[in-house]
Amino acid sequence: MNNLELSKLIFPNLEKSPADYEEMYPARELPEGAKVTRLGPSPTGFIHLGNLYGAFVDERLAHQSGGTFFLRIEDTDDKRFVENAVETIITSLDFFGIKFDEGVTETGDIGSYGDYTQSHRAEIYRTYAAELLSKGLAYPCFLSEDEITAVREKQESEKLTPGIYAGWSKYRDWDKDPAIEEEMLSKLKAGEPYVIRLKSQGTPNVRADEAVRHLVTDAVRGELSVPENFQDIVILKQTGIPTYHFAHVVDDHLMRTTHVVRGEEWLPSLPIHIELFNDLGWDIPVYCHTAQLMKIGEDGNKRKLSKRKDPELSLDYYRSQGYHPAAVREYLLTILNSNYEEWRAANPEASVDEFEFTTEKMSSSGALFDLDKLNDVSKGVMLNIPACEIAAWLKSWSEEFAPEYEYAFRDMALLEQILDIGRHDARPRADLVYARQIMDFISYFFDESFEIVDEYPAEAAEDADKILSAYLESYDHSDDNEQWFAKIRELATELGYAAKPKDYKKNPDDFKGHVGHVSTVIRIKLMGRAQSPDVWTIQQIMGEAKVRERLSK
RNA sequence: GGCCCCAUGGUCAAGUGGUUAAGACAUCGCCCUUUCACGGCGGUAACCCGGGUUCGAGUCCCGGUGGGGUCACCA
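Residues numbered from 1 in each chain as written. Chains lettered and ligands numbered in written order. Predicted model: local features only at pLDDT ≥ 70, side-chain atom pairs only at ≥ 80, totals over all residues. Heavy atoms only, no water.

Scanning chain A from terminus to terminus reveals 22 helices and 12 strands. Taken over C-alpha atoms, the radius of gyration comes to 33 Å for chain A, far larger than the 24 Å a tight globule of 553 residues would show. Once the C-alpha set of chain A is aligned to its principal axes, its extents read approximately 110 × 50 × 40 Å. Looking at the 553 residues of chain A, the share that counts as buried comes to 50%. If you take every contact in chain A between residues at least 6 apart in sequence, the share linking residues at least 24 apart comes to 74%. Entry remark: accessible area of chain A is about 26,800 Å², with carbon and sulfur atoms responsible for 49%. Distance between charge centroids for chain A: 3 Å, based on 63 positive and 98 negative side chains. (Helix = DSSP H or I, 4+ residues; strand = E, 2+ residues; numbered from the N terminus. Rg over C-alpha atoms; globule rule 2.2 N^0.38 Å. Buried < 20%, exposed > 50% of the residue type's maximum accessible area, 1.4 Å probe, protein only. Contact = heavy atoms within 4.5 Å. Areas by Shrake-Rupley, 256 points an atom, 1.4 Å probe, with all protein chains shown as cover. Lys, Arg positive; Asp, Glu negative; His and termini not counted. Charge placed at Lys NZ, Arg CZ, Asp CG, Glu CD.)

Okay, here's the thing in structure tokens:
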């Protein structure tokens, strides 16, 4: 029996040939330089900041080059499947402004390079497995789990690289030994389970400095020299479903992906993919191995974000805290491209589309996620969003994540005024960061959440009642800011406080305190806290009735 | 352990053989100021180590060290 006959024996009824698929999925007609990228999540439905970070690279690369960005579902591991995962993936990415041109959608596939769900592509993978079989570059392997374990143990004791490769699976050499051929054939006939392995042409167990190497240009890392693969990795599992390696190569070729963006954890398996591309006679796409987002682990060292250990880094965490998607996007972009922040400072209002994102400007070392920085970036982003939009966004956030704030949205015009305090001054306030923080920041406007949290300053505590009753008595809601503050000064002076803080600092013995202490008493009575934006402005928004009510309680 | 990747202040990072080694965040001080925020000024703080190449090395080469990743019929 020869290779072709074996291939036909194993895959007797293939619908199409490799040439047919080449014809079905021709090279894309796209403008010069257009990039085709893809996101290939497994359907666990869990997406964290690190995934989003990578997704932005794909999205930017495709969309700023006039290319195509598609979604492919990599569900070759049935154990990972989670109900509604695809929908979750699409909606969470959409929330952060990541939109696909092609691939899986909630209402079916879009595009002519599908099917875009790997579990639906079994026939295609079989065809290419048959192709490798017929070229003598693959073989059926009947090794059981126990046998493989025994092989590994032997290899470990002999200090050899563990794995199945030349010399360790007898089925690899079926064509050299009639006895093995016969055994293989009878197992095949008996329907015994097997996997299809690549028959790697690499040389096993050579010293690193003597190994054959492939030179690859990675778009973010530059020149890479990787040793050739020699492992007979599984390409089709017992179930007939491909492993990631095989599916990646077949799909990205057939879907005409030009740029493969993936985390650096894939770097060690790059040699496998190179061998597979070469065996099938295909061009290798441009690889972009991105550095991973890291966080500080319990031991004080950096480590890769993990979905199991870091639930607080899930996208839902940021949504439930109420970080605006634009803020998260802006932050991710600043760590994605080193010159983005500078560009943004020079072009505060420009659309991200105007920024030229490049893989060369990406860092090849993993960045530590920095919440302080996110918060800072968010302040700036919020400042550029009109109050009416923030109000509407807060409302929908509250409906989904924090219904207890319902009272704040009964009067949207009022809410807008509150949010806009000090935002149009020459030096605008930047104190809106994320929804939960904002709700706390403005809580004193609403009786439902108003509470006295600070104590009167020691300098004026004794006179608090006097200050408050005198203030209430002289209060005129129609006073402008200047008139209003002149009255406070007057009141302070009458009670023995310095009208200017400087006077008090110079001669602390001459006064009980200064006007700041007096106004703090009023601020606490009105707002419940010693710190807030301008009192007069707040009073104007609160309205006379509420001001008088709070002062007289 | 083998292999692979990475290495500039606490964090993100400019820097491509000659710089007083940028900038941002954080932090500290001062100023502005009725508080806070904003803004302004200033401070503390870095090229992992050792060899080599060179007139000259953060930058190039080699070797360590450290950190990360990976060694599945998971992706």
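On we go from here.
With that out of the way, let us pick up the nonpolar core. By size, the foremost hydrophobic cluster in this structure holds 153 residues, and its most contacted members are Ile235, Phe246 and Phe445. The biggest single contributor to this core is helix α3 (residues 49–63), with eight residues. Domain assignment of the residues forming this core places at least three in each of domain 1 (5–11 + 122–290) and domain 2 (394–552). Excluding anything up to four places from it in sequence, phenylalanine 246 contacts Tyr125, Tyr128, Ala129, Leu132, Ile235, Leu236, Leu276 and Leu280. (Core = buried A, V, L, I, M, F, W, Y, C linked by side-chain atoms within 4.5 Å. Domains from an automatic or database assignment.)

This part is about the protein's contact with RNA strand B. What surrounds RNA strand B is a group of 58 residues, the closest being Thr76, Arg221, Lys237, Lys373 and Arg429. Among all atoms of RNA strand B positioned within 4 Å of the protein, those belonging to sugar or phosphate total 70%. Arginine 213 is positioned such that a nitrogen or oxygen atom in its side chain is 2.8 Å from a phosphate oxygen of RNA strand B. One of the backbone nitrogen or oxygen atoms of proline 428 is found 2.9 Å away from a sugar or linking oxygen of RNA strand B. (Near = heavy atom within 4 Å. Polar contact = N/O pair within 3.5 Å; in protein donor to acceptor, adjacent residues only side chain to side chain.)

A separate point is the packing of aromatic side chains. Here the structure, examined in full by the defined rule, presents 25 aromatic pairs. Aromatic side chains tyrosine 21 and tyrosine 25 sit 6.5 Å apart centroid to centroid with 5° between the ring planes, which places their arrangement in the stacked category. Ring-pair connections join several aromatic residues into one group, and the members of that group are Tyr317, Tyr318, Tyr323, Tyr331, Phe369 and Tyr434. Positioned above the aromatic ring of phenylalanine 450 is the side chain of arginine 550, whose terminal nitrogen or guanidinium carbon lies 3.7 Å from the ring centre. (Phe/Tyr/Trp six-rings, centres within 6.5 Å; stacked < 30°, edge-to-face > 60°. Lys NZ or Arg CZ within 6 Å of the ring centre and 35° of its normal.)

Moving on, we get to the pairing of strand β9 (residues 259–263). Counting buried residues along β9, five of its five residues qualify, which places the element largely inside the surrounding structure. Of the pairings in the sheet, the one linking β9 to strand β10 (residues 286–290) comprises five bridges and is parallel in character. Paired with histidine 259 across the two strands is valine 286, which belongs to β10. Once the chain exits β9 it traverses helix α9 (residues 270–279) before rejoining the sheet at β10, and the crossover so formed is right-handed. (Pairing = 2+ DSSP bridges. Right-handed = clockwise from strand over helix to strand, strands pointing away.)

A cluster of basic residues, Arg489, Lys500, Lys502, Lys505 and Lys506, forms a positive patch on the protein surface. Checked against the element boundaries, lysine 500 lands in the loop between α18 (481–494) and α19 (501–506). (Patch = residues over 30% accessible without salt bridge, like charges linked within 9 Å, V, L, I, M, F, W, Y side chains within 5 Å. Salt bridge = Lys/Arg side-chain N within 4 Å of Asp/Glu carboxyl O.)

Along its sequence, chain A is organised into domain 1 (5–11 + 122–290) and domain 2 (394–552). Averaged C-alpha coordinates put domain 1 and domain 2 at centres separated by 70 Å.

On the basis of which strands lie adjacent, the open sheet formed by three strands has the order β4-β5-β8 and antiparallel pairing. Looking at the sheet topology across the chains shown, the edges are occupied by β4 (138–141) and β8 (234–236). Averaged over all neighbouring strand pairs, the angle between strand axes comes to 45°, with direction disregarded. Pairing analysis gives two bridges linking strand β5 (residues 195–198) to β8, with the strands arranged antiparallel. Looking across to β8, one finds that arginine 197 is bridged to valine 234. (Axes fitted to C-alpha atoms, helices over the stretch in contact; angles between N-to-C directions.)

Counted by the stated rule, this structure contains 36 salt bridges. Lysine 176 is the salt-bridge partner of aspartate 173, the closest N and O atoms lying 3.4 Å from each other. Looking at aspartate 173, the relative accessible area reads 24%, which means it is partly exposed. A relative accessible area of 66% places lysine 176 in the exposed class. Of the charged contacts, one joins aspartate 479 and lysine 487 as a salt bridge, the two residues approaching to 2.7 Å between their closest N and O atoms. A network of salt bridges, in which partner residues are shared, links Arg38, Arg72, Glu74, Arg121, Asp251 and Asp252.

Quick look at the packing of helix α17 (residues 464–474) against α18 now. Running from N to C, α17 and α18 cross one another at 145°; their axes reach a closest spacing of 11 Å. Pair α17 / α18 crosses with right-handed handedness. Contact residues: α17 offers Ile467, Ala470, Tyr471 and Ser474, while α18 offers Trp484, Lys487, Ile488 and Leu491. (Left-handed = near helix turned anticlockwise from the far one by under 90°.)

Let us now look at the environment of glycine 528. When you line up the elements, glycine 528 lands in the loop between α20 (515–527) and α21 (535–542). Relative accessible area serves as the criterion here: at 0%, glycine 528 is assigned to the buried category. Separated by 75 residues in sequence, glycine 528 and valine 453 place their C-alpha atoms 5.6 Å apart. If sequence neighbours within four positions are ignored, glycine 528 has contacts with Phe450, Glu451, Ile452, Val453, Asp454 and Arg523.

The next thing to look at is unusual backbone geometry. Here the residue pair glycine 114 and aspartate 115 is connected by a cis peptide bond, since its omega of 0° sits within 30 degrees of zero. At lysine 159, a position not held by glycine, the phi torsion is positive, near 55°. You can see lysine 159 is positioned in the loop between α6 (145–157) and α7 (178–190). Owing to a relative accessible area of 78%, lysine 159 belongs among the exposed residues under this scheme. Of note in the backbone geometry, arginine 256 takes a positive phi value of approximately 60° without being a glycine. With respect to the helices and strands, arginine 256 occurs in the loop between α8 (244–254) and β9.

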